[in-house]
Amino acid sequence: MIELNHITKTFTTAEGTVEALRDVSLRIEDGDIYGVIGMSGAGKSTLVRCINMLERPTSGSVVIDGVDMGALSDRELREQRRKITMIFQGFNLLMQRNCLDNVCFPLQISGLRGERKWQRQRGMELLELVGLADKARAYPAQLSGGQQQRVAIARALATDPKVLLCDEATSALDPTTTASILELIRQINERTGITAILITHQMSVVESVCRHVAILDHGQVAETGAVSEVFAHPRSEAAKKLVYPDGESISATLVPNERVIRVVFNGSSASSTPLIAHMAVEKGIEANISYASTRTIEGREYGSMLLGIRQGENVLREAIEYLNQQPDVSAEEVVPDA
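Computed from a predicted structure; not experimentally measured.

Enquirer: If you had to explain the sheet that holds strand β6 (residues 84–88) to someone new, which residues and values would you point to?
Expert: Read across the sheet, 6 strands follow the order β6-β7-β8-β3-β9-β10 without closing on themselves; strand pairing throughout is mixed. Two strands in the sheet have a free side with no partner beyond their single neighbour: β6 and β10 (220–226). The average undirected angle you get between the axes of adjacent strands in this sheet is 15 degrees. When strand β3 (residues 33–37) meets strand β8 (residues 195–200), the two strands line up parallel, connected through 5 bridges. Bridging from a neighbouring strand, isoleucine 37 pairs with threonine 200 of β8. The strands touched by helix α1 (residues 44–51) within the sheet are β3, β6, β7 (163–167), β8 and β9 (212–217), with β8 carrying the most contacts at an inclination of about 155 degrees.

Enquirer: How would you explain the nonpolar core if you had to name every residue and give the values?
Expert: Membership of the largest hydrophobic core comes to 50 residues, with the highest contact counts inside it found for Ile87, Leu127, Val151, Ile153 and Leu198. Leu47, Val163, Ile197 and Ile199 belong to the second-largest nonpolar core, a separate cluster that totals 28 residues.

Enquirer: Got a sec to walk through the environment of asparagine 52? Specific residues and values, please.
Expert: Summarising the element assignment, asparagine 52 is placed in the loop between α1 and β4 (59–64). Those residues in contact with asparagine 52, other than ones at most four positions away along the chain, are Arg81, Ile84, Met86 and Leu165.

Enquirer: Please give an account of the sheet that holds strand β2 (residues 16–28) that cites residues and values.
Expert: Note: strands within a sheet are paired through backbone hydrogen bonds, in either parallel or antiparallel orientation. Read across the sheet, 4 strands follow the order β2-β1-β4-β5 without closing on themselves; strand pairing throughout is antiparallel. What marks the edges here is a single partner per strand, and that holds for β2 and β5 (67–68). Here 9 bridges tie strand β1 (residues 2–13) to β2, and the two strands are oriented antiparallel to one another. The residue of β2 that forms the bridge with threonine 12 is threonine 17. Sheet strands touched by α1: β1, β2 and β4. Its angle to β2, the strand with the most contacts, is close to 60 degrees.

Analysis parameters
- Per chain, residues are indexed from 1 in the order of the written sequence.
- Where local features are concerned, this predicted model is filtered to residues with pLDDT of at least 70; where side-chain atom pairs are given and counted, the filter is 80 or more; whole-chain, interface and lining totals use all residues.
- In computing side-chain values, all of the structure's heavy atoms are included and hydrogens and water are not.
- Strand pairing requires that DSSP identify at least two bridges connecting the strands.
- Each helix is a run of H or I in the DSSP string that is no shorter than four residues. Each strand is a run of E no shorter than two, and both are numbered from the N terminus.
- In this description, a line fitted to the C-alpha atoms serves as the axis of each element, helices being fitted only across the stretch in contact, and the angle between N-to-C directions of two axes falls anywhere from 0 to 180 degrees.
- Throughout, a contact is declared for two residues whenever any of their heavy atoms are within 4.5 Å.
- We call a set of buried Ala, Val, Leu, Ile, Met, Phe, Trp, Tyr and Cys residues a nonpolar core when their side-chain atoms join them within 4.5 Å.
- Note on exposure labels: buried denotes an accessible area under 20% of the residue type's maximum, exposed denotes more than 50%, and partly exposed covers the range between, all computed with a 1.4 Å probe on protein chains only.

Next comes the structure, spelled out in structure tokens:
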């Protein structure tokens with residue numbers, strides 16, 4: 001288990017003191033795929049670097065499997081870091097080494113040397129795991145960005161770590177390649193039980209692979225929880241801006257003499273069925289869909305929409321009642337300044 005307890009991190013710059021993290025506390029269970037998301041400058045990268053002590057917190061503690069990382073000697077910290085590896089947006093491969101040598105490199109410098117034959121056997125196993133066994137002799141410059149990130153993942157797994165830190169690891173990749181890398185991380189998590197922590201500013205990354213999420217806002221935790229719960233019922237303003245980037249702007253969609261209902265689909269099949277059409281047929285209620293966004297998380301549908309109702313108070317209440325009777329659907333009236 002990873003426990004971050006009241007982490008604060010400040011930097012001194014020419015302009016003064018910058019507080020990158022403020023009283024951040026998180027708990028990440030073993031084997032989870034945990035997303036940390038926020039806008040640029042929210043403190044995400046600083047947070048992930050505090051986990052492996054590349055940045056030492058100004059105050060607070062990082063405890064991994066009962067070990068206080070900040071209390072370790074340099075030698076003890078090096079030992080612990082074998083269990084915590086990291087991949088980056090820029091891949092950071094050694095360009096003068098081929099793929100197999102890149103994967104074997106951590107074994108050569110970590111003290112887990114073994115025989116050269118064993119190292120190369122281990123390296124080939126990891127290249128096979130990431131689907132690049134046929135690229136063992138190729139050099140990074142001969143690979144696509146997605147292939148380079150796969151080699152970086154194989155290299156990160158060389159020392160058999162318990163934690164994989166991913167700092168914007170897919171930001172430089174196109175959507176199709178991003179999806180394949182995230183699927184690879186999910187498969188590795190299922191196969192090895194490794195704990196994966198994904199630092200990202202992309203909602204699609206969290207939606208597609210993470211089970212739990214923390215939303216950072218100006219160095220503070222705005223909201224945490226299961227991805228499905230946070231995305232279905234965001235409570236904080238920071239979460240709402242991420243989950244409803246367009247749909248929260250109610251005044252932009254408001255039509256004169258129209259009342260607005262927000263409908264949230266919380267893991268049901270309702271968002272992929274013609275629910276609004278059924279309401280029109282069964283209840284004679286006409287609704288204008290002014291905004292809709294749905295997503296699939298762990299095989300279930302989540303999302304929200306804004307409906308405009310022009311038929312008066314009684315019809316509005318009847319529509320809300322009808323929608324709330326559907327499984328895993330919630331509905332409420334919202335107003336422009338909500």
